[in-house]
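Letter by letter, the chains look like this.
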Amino acid sequence: MPRMTWGDQYSVGVPSIDTQHQKMMALLNRLHDGMMAGTDKIALGGTLQALIDYTMMHFKFEEDLLARADYLDCAAHRQEHAELMRQIQAIRQEYEKVGPRAVTIPVLSFLANWIANHILGTDMRYRQHMIAKGAV
């Protein structure tokens, strides 16, 4: 899995959200680097938990911002977030059972693809609405 690289194509036009998306990518890259370096269970687990915690914070922030801006697809957006959180919690539970072997290239690829596709698809749908509402 190649490292995620931020580019203008990922900008949703809301600086606070763009910054959070960049941080999520950086945490995923840190998880990738740790896996490739054979980082021990405690350190790799800490990075995985940091990614989970940050993702949860980001989702709440984004959902609250969308709700305050009266974004019509807010409920569907929230549902997509909830589904990823179920999947990422399952990854965390697997990590608790088997350790670093649970953090594999397919798992990292899944997370990277989900982040990229969610930003480029679902998040981009709110871009114009949020800019019009002055959430920049």
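Before reading further, recall that the structure is shown in the block above.
The text that follows walks through the structure, step by step, so that each part is easy to find. The shown structure was predicted, so the numbers you read here are calculated from the model rather than taken from an experiment.

1. Details of the packing of helix α1 (residues 15–37) against helix α2 (residues 41–68)
Moving on, step 1. Running from amino to carboxyl end, α1 crosses α2 at an angle of 165°, the nearest separation of the two axes being 10 Å. It follows from the interaxial angle that α1 and α2 lie roughly antiparallel. In this structure, the crossing between α1 and α2 has a hand that is left-handed. Residue-level inspection shows Ser16, Ile17, Gln20, His21, Lys23, Met24, Leu27, Leu28, Arg30, Leu31, Gly34 and Met35 of α1 in contact with α2, the latter providing Leu44, Thr47, Leu48, Ala50, Leu51, Tyr54, Thr55, Met57, His58, Phe61, Glu62 and Leu65.
Moving on, step 2. Class assignment for the residues of the contact of α1 with α2 results in 14 nonpolar, 7 polar and 3 charged.

2. Quick word on the nonpolar core
Moving on, step 1. Grouped together as the largest cluster of nonpolar side chains are 40 residues, with contacts concentrated most on Leu28, Leu31, Leu111 and Met130.
Moving on, step 2. Where this core is concerned, the elements lending two or more residues are α1, α2, α3 (74–98) and α4 (105–132).
Moving on, step 3. Ranked by residue count, the leading element in this core is α4, at 10 residues.
Moving on, step 4. Residue contacts for Leu31: discarding those within four places in its chain leaves Leu44, Thr47, Leu48, Leu51, Val103 and Leu108.

Analysis parameters
Residues numbered from 1 in each chain as written. Predicted model: local features only at pLDDT ≥ 70, side-chain atom pairs only at ≥ 80, totals over all residues. Heavy atoms only, no water. Axes fitted to C-alpha atoms, helices over the stretch in contact; angles between N-to-C directions. Helix = DSSP H or I, 4+ residues; strand = E, 2+ residues; numbered from the N terminus. Parallel < 35°, antiparallel > 145°, perpendicular 65-115°, else oblique. Left-handed = near helix turned anticlockwise from the far one by under 90°. Contact = heavy atoms within 4.5 Å. Nonpolar A, V, L, I, M, F, W, Y, C, P; charged D, E, K, R; others polar. Core = buried A, V, L, I, M, F, W, Y, C linked by side-chain atoms within 4.5 Å. Buried < 20%, exposed > 50% of the residue type's maximum accessible area, 1.4 Å probe, protein only.

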